[in-house]
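Structural overview
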Amino acid sequence: MASPKGGTGLPGTRGRKRIYLMRHGEVSYRRPDGRTDFSTQVELTEEGVEQSRLMRELLAPAPFDLGVHTGLPRTRQTAELVLEQRGVRLEEIAALREMQVGSIAELGDARIDAEFTYGLERAAEPGATFASGETFAAFEQRIVPAFEALLLRPDWTTALVVGHGGTNAVILAWVTRGGLAGLSAFEQDAGCVNIIDTDVVDGEIVRRLLRAVNLTPYNLAKHEHYLTVAERIVLAHRETQQAREV
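The structure contained in this document is the topic of the report that follows.

Okay, the pattern of salt bridges next. Across all of its chains, the model carries 16 salt bridges by this definition. Residue Glu134 is joined to Arg142 by a salt bridge in which the shortest nitrogen-to-oxygen separation is 2.9 Å. Residue Glu134 is classed as buried on the basis of its relative accessible area of 14%. Lys222 is paired through a salt bridge with Asp189; the nearest N and O atoms lie 2.8 Å apart. Pair noted here: Lys222 is in the loop between strand S6 (204-215) and helix H7 (229-245) and Asp189 is in the loop between helix H6 (165-175) and strand S5 (193-201), with a separation of 33 residues, a long-range link. Look at the salt bridges and you will find they share partners, linking Arg89, Glu91, Arg153 and Asp155 into a network.

Right under this line is the structure:
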């Protein structure tokens, strides 16, 4: 592999870098009392740990120079498991953390679908938020500069970046130049990976290539995997509400 410090990029290229962009493994936002709480401190479930181990096997041939997580337990755990015993340095980039969201319980059942299930469809509307949280515009303005700054660093050519569903959607929309209007096209299943190549020449990002999207080694064909992450969260929330009413 060409030296990152030499600026020559991946073998046979001029300044090309590769990013394996993951979504963290499975977590549960359901609290012991049945409430849905989007705590920043949730950790991987047993399933999430297994997803990360399977990704470690899939990415074993990748010659990583750098591992990045957002500082939250679920992304840090995923990165540590994928890069276990490889001696790759891990760094935190807090600016890549997930969008801040409000409480799903405060939305009320009549607004859950509009604000949560289909929230990304409204991302390009002025002032639009996701579940009464951070605006999409502010979220994009936080994620894109942080990601571009990472790309422009001369100290790596192949990196693992473990992010979140919303974070990754913004990055993928940036790669495809779709902006906020293109956000909703990118579903990110738990423990998935996207493969992105970029050409950085003379301190400028001159090319963006999307090699793969939402690959899940535990279910490559997505067999019987029909719901989005948001739909599964809403379904679990509604089941809990119904059980309380019985």
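Here the structure, examined in full by the defined rule, presents three aromatic pairs. On the basis of an interplanar angle of 75° and a centroid distance of 5.4 Å, the ring pair of Tyr20 and Phe64 is categorised as edge-to-face. Placement of Tyr20 in strand S1 (residues 16-23) and of Phe64 in the loop between helix H1 (46-58) and strand S2 (66-69) is noted, with a sequence separation of 44 residues between them. Given a relative accessible area of 10%, Tyr20 falls into the buried group. Overall, the relative accessible area of 8% leaves Phe64 in the buried class. Pairing Phe147 with Trp174 gives two aromatic rings, centres 5.6 Å apart and planes at 80°, and the pair type is edge-to-face. With a gap of 27 residues between them, Phe147 in helix H5 (residues 136-151) and Trp174 in helix H6 connect regions that are remote in the sequence. What makes Trp174 buried here is its relative accessible area of 9%. One Lys or Arg, Lys17, reaches over the ring of Trp156 and ends 4.5 Å from the middle of that ring.

Rules used throughout
Counting from 1, residues in each chain are numbered in the order their sequence is written. For this predicted model, a pLDDT threshold of at least 70 governs which residues receive local features, and a threshold of 80 or more governs which side-chain atom pairs are given and counted, while totals over whole chains, interfaces and linings are taken from all residues. Side-chain calculation: all heavy atoms of the structure are included, whereas hydrogens and water are not. We count a salt bridge whenever a side-chain nitrogen from Lys or Arg sits within 4 Å of a carboxyl oxygen from Asp or Glu. Partly exposed describes any residue whose relative accessible area lies between the buried limit of under 20% and the exposed limit of over 50%, with all areas from a 1.4 Å probe on protein chains only and scaled to the type maximum. In DSSP terms, a helix is any run of H or I states spanning at least four residues, a strand is any run of E spanning at least two, and both are numbered starting from the N terminus. Stacked, tilted and edge-to-face are the three classes applied to pairs of Phe, Tyr and Trp rings, where Trp contributes its six-membered ring and a pair requires centres within 6.5 Å; stacked means planes under 30 degrees apart, edge-to-face means over 60, and tilted covers the rest. The criterion is that NZ of a Lys, or CZ of an Arg, lies within 6 Å of the ring centre and within 35 degrees of the ring normal, and then a charge sits over that ring.

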